[in-house]
Amino acid sequence: MRVEELVRKAAALGASDIHLIKGITPKCRIDGHLEDLEPGILEDEDCEEFAKELAEKQYPLIEARGELDLARTLADERVRINLFRQQGSISAALRILSNRIPELSELGLPPIVDEFPTWQKGIILVTGETGSGKSTTLAAILDEINHKRDEHIITLEDPIEYIYKPDKSIINQREIGKDTASYADGLRAILREDPDVILIGEMRDLTTIETALTAAETGHLVFATLHTNSAPDAIDRVVGVFPEARQPQIRLQLSTTLKAVLSQQLLVKAGGKGRAAACEVMVVTSAIRNLIREGKTPQMLSSMLASSSVGSLTMDNCLINMTKRRIITPEAAYEAAVDKDYFKKYVSLR
């Protein structure tokens, strides 16, 4: 069976991911759970054939690196692919992306997120673990800018996931490893390419973070992702990349350039079908700016609670609200809650 047929079948089932591993049947993930996609145990040669079909001319890179990231369109579906060697055999993890970029209003995000595409400069961070919907959220925000503003948008991605069709904006999408050597190299070049809006797939290292802060300071609107589970944690992650002697300066830069942090996770809906985004939003107010400068991350939660009128929202309050609206079950919300005692004050568990 060809990979294209597996992708077609998985997409029809509403799967988010496909796993191809020697010694087991092809698997897919539906609403967070792994299920068999096809009968029949995969052999070494099956996995090698799948890898060659997926990687095409880039297949030799797997031998050199041990893994390969890429994105392709298969069976009319946009698919993000990771090929990797384990125990001498090759495995594949495929993420099925939406064929179209969803509208921001379809994602069920907090109301303040609808304002992100109107902001002119500064940094907006979207955080969450792998598979939490960060790429989809960012694609919807950028496409909103594309349809409503005449800007030059440049993205740095590893790999390119959603493909934009330029409308009012012009868009350049650059892939790490193919169009530029690294995030740091690509970002340094971006500042010479007359951008208005910049998307950084991931702020991984000191140079990338430093250049992103500079871009925001010089009047650009910068979007970036981080793998953190809460908005305040994102501040510590950014600052912690730098040597201690430089951290006060970075805190100062961050306090003047950061506009908001959106942290999200996907939870199975109450009916068991589909998933919904639970979100935490920290809108940077003057109080938050002071806390960033002073390194008082633990106090940010109470500042967020006090600034709900400007759009801030804690994860626990979002989960309580989603439970009361019966979008998710109380049990699922409780498992995802940060302060479980706080959650139990407002939601009764069966």
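Nothing here was measured: the structure is a model prediction, and the numbers come from that model.

(A) How the structure looks around the overall build of the protein. Looking only at helices and strands, one finds 13 helices and 13 strands in the protein. At 21 Å, the protein has a C-alpha radius of gyration in line with the 20 Å of a compact globule built from 350 residues. Principal-axis analysis of the C-alpha atoms gives the protein an extent of 60 × 60 × 40 Å. Relative to its 350 residues, the protein shows a buried fraction of 51%. Considering only residue pairs separated by 6 or more positions, the protein has 54% of its internal contacts joining residues 24 or more positions apart. Side chains of the protein give 43 positive and 53 negative charges; the mean places of these two sets differ by 4 Å.

(B) View of helix α8 (residues 247–257). Looking only at α8, the buried set comprises Ile-250, Arg-251, Gln-253, Leu-254, Ser-255 and Thr-257. Residues of α8 that are buried in the fold lie against β7 (122–127), α6 (206–217), α7 (231–240), β12 (258–268) and α9 (286–294).

(C) A look at the side chain of Glu-77. Structurally, Glu-77 is set in strand β5 (residues 77–86). Within the buried set, Glu-77 has no salt-bridge partner at all; the shortest N-O distance to an opposite charge, 7.8 Å, is to Arg-8. Those residues in contact with Glu-77 that lie beyond four places of it in its chain are Val-7, Ala-11, Arg-72, Ile-96, Leu-97 and Asn-99.

(D) View of the nonpolar core. Within the largest apolar cluster, 36 residues are counted, with the highest numbers of intra-cluster contacts made by Leu-125, Ile-200, Met-203 and Leu-258. The contact partners of Leu-125, leaving out residues within four places of it in the chain, are Met-203, Ala-224, Leu-226, Ala-234, Val-238, Leu-258, Ala-260, Val-261 and Leu-262. Core analysis: the next-biggest nonpolar cluster, separate from the first, contains 30 residues, Ile-101, Val-113, Val-197 and Ala-260 among them.

(E) Just the sheet that holds strand β9 (residues 170–175), in detail. Taken together, seven strands build an open sheet; the order of strands is β9-β8-β10-β11-β7-β12-β13 and the sheet is mixed. Edge positions in the sheet fall to β9 and β13 (275–283), since each has one partner strand and no second. Pairs of neighbouring strands in the sheet enclose a mean axial angle of 15 degrees, with direction left out of account. Across six bridges, the pairing between β7 and strand β11 (residues 221–226) is parallel. Its bridge partner being in β11, Ile-124 is matched across the sheet by Phe-223.

(F) Spotlight on the sheet that holds strand β4 (residues 67–74). Strand order across the open sheet formed by six strands is β3-β2-β1-β6-β5-β4, with antiparallel pairing between neighbours. At either end of the open sheet lies a strand with only one pairing partner, and these are β3 (33–36) and β4. Looking at each pair of strands side by side, their axes are set apart by 25 degrees on average, direction ignored. Across eight bridges, β5 lies against strand β6 (residues 89–96) in antiparallel orientation. Within the sheet, the bridge partner assigned to Gln-86 lies in β6 and is Ser-89.

(G) View of the environment of Ile-154. The residue Ile-154 is located in strand β8 (residues 152–157) in this model. Here Ile-154 falls in the buried class, since its relative accessible area comes to 1%. Distance in space between the C-alpha atoms of Ile-154 and Val-197 is 6.4 Å, their sequence separation being 43 residues. Leaving out residues up to four positions away in the same chain, Ile-154 has contacts with Asn-172, Arg-174, Ile-190, Glu-193, Pro-195, Val-197, Ile-198 and Leu-199.

How each quantity is defined
- Residues numbered from 1 in each chain as written.
- Predicted model: local features only at pLDDT ≥ 70, side-chain atom pairs only at ≥ 80, totals over all residues.
- Heavy atoms only, no water.
- Helix = DSSP H or I, 4+ residues; strand = E, 2+ residues; numbered from the N terminus.
- Rg over C-alpha atoms; globule rule 2.2 N^0.38 Å.
- Buried < 20%, exposed > 50% of the residue type's maximum accessible area, 1.4 Å probe, protein only.
- Contact = heavy atoms within 4.5 Å.
- Lys, Arg positive; Asp, Glu negative; His and termini not counted.
- Charge placed at Lys NZ, Arg CZ, Asp CG, Glu CD.
- Salt bridge = Lys/Arg side-chain N within 4 Å of Asp/Glu carboxyl O.
- Core = buried A, V, L, I, M, F, W, Y, C linked by side-chain atoms within 4.5 Å.
- Pairing = 2+ DSSP bridges.
- Axes fitted to C-alpha atoms, helices over the stretch in contact; angles between N-to-C directions.

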